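Here is what each chain is made of, one letter per residue.
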Amino acid sequence: MPTNKQKILEFIKAHHIAVVATTDTEKPEAAVVEYGETDELELIIDTFISSRKSKNILHNPNVALVIGWDNNITLQYEGEATELKGSELEKSKEIYFKKNPRAKEWDGREGIVYFKIIPKWIRYSDLNKHPWEVFEINL
């Protein structure tokens, strides 16, 4: 039987998009993003430095995401985003492009940036089971 962390990782691996929520000092913003993942449940996303989400993350690195919403199973995820640079950037891009190969066409475009999101709290909910299977992990 898989552990809760394994179940979460399998769910993250089975999906390709998430909704990420960020905020500046005045208003929230949500956007659909593709992502890659590490075995430590970290998420890798890309965006343009001029985007609202990028500006928000650089101002306030706390983000929330939702992955999945089909089949009554969802994952809520809260974490801290950091801009990737140097060797960590190159390693993370390999992870990201392995899952999202078509995103490689944007790599190298002026203004593209990559962020790693380190999880702090995750909630898994499967409402198909009776009773519902809901659990949280704090990291």
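Residues numbered from 1 in each chain as written. Predicted model: local features only at pLDDT ≥ 70, side-chain atom pairs only at ≥ 80, totals over all residues. Heavy atoms only, no water.

Undergrad: What am I meant to see in the environment of Leu-139 here?
TA: One can find Leu-139 in the segment after strand S8 (133-138). Relative accessible area serves as the criterion here: at 53%, Leu-139 is assigned to the exposed category. Sequence spacing of Leu-139 and Gly-36 is 103 residues, and the spatial spacing of their C-alpha atoms is 19 Å. (Helix = DSSP H or I, 4+ residues; strand = E, 2+ residues; numbered from the N terminus. Buried < 20%, exposed > 50% of the residue type's maximum accessible area, 1.4 Å probe, protein only.)

Undergrad: Which parts of the structure should I look at to understand the pairing of strand S2 (residues 28-34)?
TA: Regular strands place side chains that alternate from one sheet face to the opposite one. Here S2 shows one buried face, formed by Glu-29, Ala-31 and Val-33, and one open face, formed by Pro-28, Ala-30, Val-32 and Glu-34. Examined bridge by bridge, strand S1 (residues 17-23) and S2 share seven bridges and lie antiparallel to one another. Residue pairing in the sheet places Thr-22 in a bridge with Glu-29 of S2. What sits between the antiparallel neighbours S1 and S2 is a turn of four residues. (Pairing = 2+ DSSP bridges.)

Undergrad: Sorry if this is basic, but what is going on with the pattern of salt bridges here?
TA: A side chain with one charge can pair with a side chain of the opposite charge if their charged atoms come near. The tally for this structure, following the rule as stated, stands at 11 salt bridges. Residues Glu-42 and Lys-116 are paired through a salt bridge, measuring 3.9 Å at the closest nitrogen-oxygen approach. Residue Glu-42 is located in the loop between strand S3 (36-37) and strand S4 (43-48), and its partner Lys-116 is located in strand S7 (residues 112-126); the two are separated by 74 residues in the primary sequence. Residue Glu-42 is classed as buried on the basis of its relative accessible area, which comes to 15%. The buried category is assigned to Lys-116, whose relative accessible area is 12%. The network of salt bridges with common partners includes Lys-7, Lys-129 and Glu-133. (Salt bridge = Lys/Arg side-chain N within 4 Å of Asp/Glu carboxyl O.)

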